[in-house]
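What the coordinates show
Now for the letters of each chain:
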Amino acid sequence: MKRIETLCVQGGYTPGNGEPRQIPIIQSTTFKYDTGEDMAKLFDLEADGYFYSRLQNPTCDAVAAKICELEGGSSAMLTGSGQAANFYAVFNIVSAGDHVVASSAIYGGSYNLFAVTMKKMGIDFTFVSPDCTRAELDAAFRPETKAVFGETIANPALTVLDIEMFAKAAHAHGVPLIVDNTFATPINCRPIEWGADIVTHSTTKYMDGHGATLGGCIVDSGRFDWTRYPEKFPGLTTPDDSYHGVIYTERFGIEKAFITKATSQLMRDFGSVQSPQNAFMLNLGLESLHVRVPRHCENARAVAEFLSKHPKILHVNYCDLPGDKYHDRALKYLPNGSCGVVSFRIKGGREAAEAFMRALRVASIETHVADARTCCLHPAGTTHRQMNDDELAAAGVWPDLVRLSCGLESSKDLIEDLAQALENA
Ligand SMILES: *Cc1c(COP(=O)(O)O)cnc(C)c1O
């Protein structure tokens, strides 16, 4: 087993003799076959291969294979965005009338997807605090519960999920744990090692890392045995009429059933593919992920330490800081560092937060995180503006909260910029 640094650089693609060293961009919607029978086998999922890039494309598959190796999974697929990844990961095993338990501290887009859009599809979510006890978590399950969902480090609340506890509870109720590992990246945490069954990513963030391409990824651990609960997961364990009665768990085994179904049904029908061009750029980002992530963390730590001592700052959320509410959990799940994102509450409320942000010179205001350039955002006024005050409090998003994503610049310049903005605001 290669080390993670080597997998970042070389994982997913091994060229043969005389083949391109870099992953080729297969910019082709379709693939040519000698006979109709050859292609029919692909349509029936009887043979492996490519026929239309809405389902699979070799460039995207090579990059998915790298992320799969980084997370220690058994199979993986790319999607056009993180939103698509989380939607597919959940919708692959639920249908109208089903229920999902989710942490309340999640990305605002995921919250909307679950609480509004999927709710309209007849899927019900119960949101639990990431700090709930095992008994509180157990109480959220229903007979029709099909999955548990959380984020390793929540965006933007920066809470740390007790992955092991959530996984044990999910498994005790016969359902998988899905973990969005976007902020930690596999460099700092590999949720599968702690019992998670499915890992998702917005590759738009650290994995691309340059603010250049939207993308998502789903990795299956291959460890959740759907066939133990066939009545719960009929989509995986009973015949799919659209492929002449194929049963995913029988034909592809528990290692590949989940991703094969998500590709051949959900991607076929919803089509949120990642383009081969974008997958190529994502791979350039992945080649330096192990070099960039520690530097993001180093800058964030320096910034968090500075802010935590500043008289105009009410509170700093950064789990690497001793004294942070999540420090103990971070020591367990994120021993090498957490992420480059720090959030903090400024004295003076919503107006102070907005004035401070206007005064920044190095950090810019953006609806983004986790790229090379430092940027900041006021979550209550932007990403979370659809929430009422109670929901904001449950998500840990206060009106005076600023989220700062530390880039790869000099930490000295970042701290000088924060100091002048706090002074001038
Ligand atoms: C950004 C983000 C998403 C959504 O990803 P997109 O690529 O923007 O669609 C999902 N989860 C987390 C934790 C994110 O930060």
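Refer to the structure presented above.
The paragraphs below set out a description of the structure included in this document. This structure is a prediction, so every number in the text was calculated from the model and none was measured. (Residues numbered from 1 in each chain as written. Predicted model: local features only at pLDDT ≥ 70, side-chain atom pairs only at ≥ 80, totals over all residues. Heavy atoms only, no water.)

**Section: the packing of helix 12 (residues 289–308) against helix 16 (residues 411–424)**
Relative to each other, helix 12 and helix 16 sit at 30°, their axes nearing to 9 Å. On the basis of their axis angle, the class for helix 12 and helix 16 is roughly parallel. Viewed along their axes, helix 12 and helix 16 form a crossing whose handedness is right-handed. Of the residues in helix 16, those in contact with Asn299, Ala302, Val303, Phe306 and Leu307 of helix 12 are Ser411, Leu414, Ile415, Leu418, Ala419 and Leu422. Broken down by class, the residue content of the contact of helix 12 with helix 16 amounts to nine nonpolar, two polar and no charged. (Axes fitted to C-alpha atoms, helices over the stretch in contact; angles between N-to-C directions. Helix = DSSP H or I, 4+ residues; strand = E, 2+ residues; numbered from the N terminus. Parallel < 35°, antiparallel > 145°, perpendicular 65-115°, else oblique. Left-handed = near helix turned anticlockwise from the far one by under 90°. Contact = heavy atoms within 4.5 Å. Nonpolar A, V, L, I, M, F, W, Y, C, P; charged D, E, K, R; others polar.)

**Some remarks on the side chain of Lys205**
In this fold, Lys205 is placed in the loop between strand 6 (198–202) and strand 7 (216–220). As a buried residue without a salt bridge, Lys205 has its nearest oppositely charged side chain in Asp180, at a separation of 7.3 Å. (Buried < 20%, exposed > 50% of the residue type's maximum accessible area, 1.4 Å probe, protein only. Lys, Arg positive; Asp, Glu negative; His and termini not counted. Salt bridge = Lys/Arg side-chain N within 4 Å of Asp/Glu carboxyl O.)

**A closer look at the sheet that holds strand 2 (residues 99–103)**
Reading across from one edge, 1-7-6-5-4-2-3 is the order of the seven strands in this open sheet, with mixed pairing throughout. A strand with exactly one partner marks an edge of an open sheet, and here the two such strands are strand 1 (75–79) and strand 3 (124–128). Put simply, the sheet's adjacent strands are angled 20° from each other on average, direction ignored. When strand 4 (residues 145–151) meets strand 5 (residues 177–180), the two strands line up parallel, connected through four bridges. By the bridge assignment for strand 5, Glu151 is matched with Asp180. Packing against the sheet, helix 3 (residues 58–71) makes contact with strand 1, strand 6 and strand 7, and its axis sits at approximately 125° to strand 1. (Pairing = 2+ DSSP bridges.)

**Description of the sheet that holds strand 8 (residues 313–317)**
Ordered in space as 8-9-12-11-10, the five strands form an open sheet in which the pairing is mixed. Of all strands in the sheet, those bounded by a partner on one side alone are strand 8 and strand 10 (364–365). Relative to strand 9 (residues 341–346), strand 8 runs antiparallel, the two sharing four bridges. The partner of His315 across the bridge, within strand 9, is Arg345.

**Some words on the site of the ligand**
In the vicinity of the ligand, 15 residues are found, and the nearest of them are Asn155, Asp180, Ser202, Thr204 and Lys205. Contact distances for the ligand include 2.9 Å between an oxygen atom and a backbone N or O atom of Gly82. Residue Thr204 places a side-chain N or O atom 2.6 Å away from an oxygen atom belonging to the ligand. Coverage of the ligand by the protein amounts to 94% of the 380 Å² it exposes when considered alone. (Near = heavy atom within 4 Å. Polar contact = N/O pair within 3.5 Å; in protein donor to acceptor, adjacent residues only side chain to side chain. Areas by Shrake-Rupley, 256 points an atom, 1.4 Å probe, with all protein chains shown as cover.)

Function cannot be inferred from these measures alone, as they are strictly geometric.
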